[in-house]
Amino acid sequence: MSRVIGSLIAAIVVVGALIAAFALYTVDETESAVVLQFGNPQKSVTEPGLNVKTPFIQNVKYFDSRILDFDDEARTYVTGDKKNLIIDSYAKWRIEDPLQFHVTVTNTMNARSRLGDLIRSNLREEIGKRDLQQTVSGERRQVMQNLTDSVTNQAQNLGIKVVDVRIKRTDLPQENEKAVYDRMAAEREREARQYRAEGAEQAEEIMATAERERAEVLAQARRQAEEVKGEADAEATSIYNEAYSLDSDFFALYRSLQGYQRAFRGDELMVLSPESEFFRYFNQSEAVGQ
């Protein structure tokens, strides 16, 4: 009897263990899960831990909840000015809604395909709005921002969260490189000529202004010099007149000495009569000596 009871207990334990094995499932920290009942999705589980399902009726499908990469191959896109560009893009994404993800794309392979279609479609639209120069340099950051926003909004319907979309490489087709570079070089040369012409014009204006200011400063200096000289001459004349009024003989002597100094300064030859008025004070000196 005891053997039968022991066997029954063992059978119950085994059955319980089997039921527990089929009823319990674990979700890892790097995973999310969708519970399926006869193939139909019932709920999603995004928190890690031990969970319970209906054994033999429900099963669990796991998805990677970490950030995943999508690296698209290089493709040709046409700019707004009808130039071909070879662009290589990539994206970072993760599964945000496992239930929606399972319903719409089922697995990561299909998700990558759908995500690639969205990126290429929106990138083609953004490139078509801009010319070559804007795409390559001027608005490259704006292109990536618009691309990320558009793809993020559209990918939400797939249960996907797009973290970032980037353009890794932008190249010209080999047959177009020389023509584009020549056009860019010509444009830069035209800008350089314009800058040089504007610089020369500004230089001429600065030189003309400086020359005018120089002429004004010199004219003002000459005027001030003439005024000072006139005032000095007037003052000298006043002093001479005052001296003459005090002693006319001394003043006449002084003026004669100045005349002698100027006359005998050089090597010029002068022929004058001794009785000339010019030698009046010389004759007086001889008379005094005698």
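Residues numbered from 1 in each chain as written. Predicted model: local features only at pLDDT ≥ 70, side-chain atom pairs only at ≥ 80, totals over all residues. Heavy atoms only, no water.

Before we move on, could you go through the packing of aromatic side chains and cite the residues and values that matter?
Here the structure, examined in full by the defined rule, presents 1 aromatic pair. Taking the centre distance of 5.3 Å and the plane angle of 80° together, the rings of Phe63 and Phe101 count as edge-to-face. With Phe63 in strand S5 (residues 58-64) and Phe101 in helix H2 (residues 98-104), this residue pair connects regions lying 38 residues apart in the sequence. The pair formed by Phe63 and Phe101 is uniform in burial state, with each residue classed as buried. (Phe/Tyr/Trp six-rings, centres within 6.5 Å; stacked < 30°, edge-to-face > 60°. Helix = DSSP H or I, 4+ residues; strand = E, 2+ residues; numbered from the N terminus. Buried < 20%, exposed > 50% of the residue type's maximum accessible area, 1.4 Å probe, protein only.)

How would you sum up a nonpolar patch on the surface? Please name residues and give values.
Where nonpolar side chains cluster on the molecular surface, the patch consists of Ile239, Tyr240, Phe250, Leu253, Tyr254 and Leu257 and spans about 550 Å² of accessible area. Ranked by residues supplied to the nonpolar patch, first place goes to helix H7 (residues 248-263) with 4 residues. Residue placement: Leu257 occurs in helix H7. Judged by its relative accessible area of 47%, Leu257 falls in the partly exposed class. (Patch = residues over 30% accessible without salt bridge, like charges linked within 9 Å, V, L, I, M, F, W, Y side chains within 5 Å. Areas by Shrake-Rupley, 256 points an atom, 1.4 Å probe, with all protein chains shown as cover. Salt bridge = Lys/Arg side-chain N within 4 Å of Asp/Glu carboxyl O.)

Tell me what's going on with helix H3 (residues 108-128), and back it up with residues and numbers.
In a regular helix each residue adds 1.5 Å, so 21 residues correspond to 30 Å; H3 covers 30 Å between its end C-alpha atoms and thus fits that length. Among the residues making up H3, those that are buried are Ala111, Leu115, Gly116, Leu118, Ile119, Arg120, Asn122, Leu123, Glu126 and Ile127. Where H3 begins, the side chain of Asn107 points an oxygen toward the backbone nitrogen of Met109, at a separation of 3.2 Å. (Expected span 1.5 Å × (residues − 1). Polar contact = N/O pair within 3.5 Å; in protein donor to acceptor, adjacent residues only side chain to side chain.)

Can you tell me about the side chain of Thr152, naming the residues and giving the values?
Summarising the element assignment, Thr152 is placed in helix H5 (residues 140-155). In this structure Thr152 comes out as buried when scored by relative accessible area, which is 12%. A polar side-chain atom of Thr152 sits 3.4 Å from the main-chain carbonyl oxygen of Val162. Here Thr152 is in contact with Lys161 and Val162, once residues within four sequence places are set aside. (Contact = heavy atoms within 4.5 Å.)

Would you mind going over H5 in detail, with residue names and values included?
Between its terminal C-alpha atoms H5 stretches 22 Å, which fits the 22 Å expected from 16 residues at 1.5 Å a residue. Those residues of H5 that sit buried are Val143, Met144, Leu147, Thr148, Val151, Thr152 and Ala155. The arc enclosing the buried residues of H5, seen along the axis, measures out at 155°, which places them on a common side. Looking at the buried positions of H5, the neighbouring elements they touch are H3 and strand S9 (160-171). (Arc of directions from axis to C-beta.)

Lay out the confidence of the model for the protein with the relevant residues and their values.
When pLDDT is averaged across the protein, the result is 81; 79% of the residues are at 70 or more. Across residues 285-290, where pLDDT falls below 50, the model places 0 contacts with residues more than four positions away in sequence or in other chains. (pLDDT = per-residue confidence, 0-100.)

Let's hear about the sheet that holds strand S2 (residues 31-37): which residues, and what values?
Taken together, 3 strands build an open sheet; the order of strands is S3-S2-S5 and the sheet is antiparallel. What marks the edges here is a single partner per strand, and that holds for strand S3 (40-45) and S5. Across the sheet, the mean angle from the axis of one strand to that of its neighbour is 30°, orientation sign disregarded. (Pairing = 2+ DSSP bridges. Axes fitted to C-alpha atoms, helices over the stretch in contact; angles between N-to-C directions.)

Tell me about the pattern of salt bridges, and please be specific about residues and values.
This structure, assessed with the given rule, holds 17 salt bridges. Between Lys92 and Asp69 there is a salt bridge; the shortest N-O distance is 3.0 Å. With Lys92 in strand S8 (residues 84-95) and Asp69 in strand S6 (residues 68-71), this pair connects stretches of sequence that are 23 residues apart. In this structure, the salt-bridge partner of Arg223 is Glu227, at a minimum N-O distance of 2.9 Å. Of this pair, Arg223 and Glu227 are both found in helix H6 (residues 174-246), 4 residues apart, which corresponds to roughly one turn of the helix.

Mind laying out the nonpolar core, listing which residues take part and the relevant values?
By size, the foremost hydrophobic cluster in this structure holds 31 residues, and its most contacted members are Trp93, Phe101, Leu123 and Ile160. Ignoring anything within four residues of it in the chain, the contact list for Phe101 reads Phe63, Trp93, Ile95, Thr106, Asn107, Thr108, Ala111, Leu158, Gly159 and Ile160. Counting 6 residues, the second largest nonpolar core, distinct from the first, contains Tyr25, Ala33, Val45 and Val60. (Core = buried A, V, L, I, M, F, W, Y, C linked by side-chain atoms within 4.5 Å.)

Give me the pairing of S8: which residues, what numbers.
Pairing analysis gives 4 bridges linking S6 to S8, with the strands arranged antiparallel. Among the inter-strand pairings, Leu68 is bridged to a residue of S8, identified as Trp93. Counted between consecutive antiparallel strands, the loop separating strand S7 (residues 75-78) from S8 contains 5 residues, among which Lys82 sits at a positive phi close to 65°. Pairing of S8 with S9, which is carried by 10 bridges, proceeds in the antiparallel orientation. Looking across to S9, one finds that Arg94 is bridged to Lys161.

Tell me about unusual backbone geometry, residues and numbers included.
Despite not being glycine, Phe38 has its phi angle at roughly 55°, a positive value. Topologically, Phe38 is positioned in the loop between S2 and S3. The phi dihedral of Lys82 is positive, around 65°, even though this residue is not glycine. Looking at where Lys82 falls in the secondary structure, it is placed in the loop between S7 and S8.

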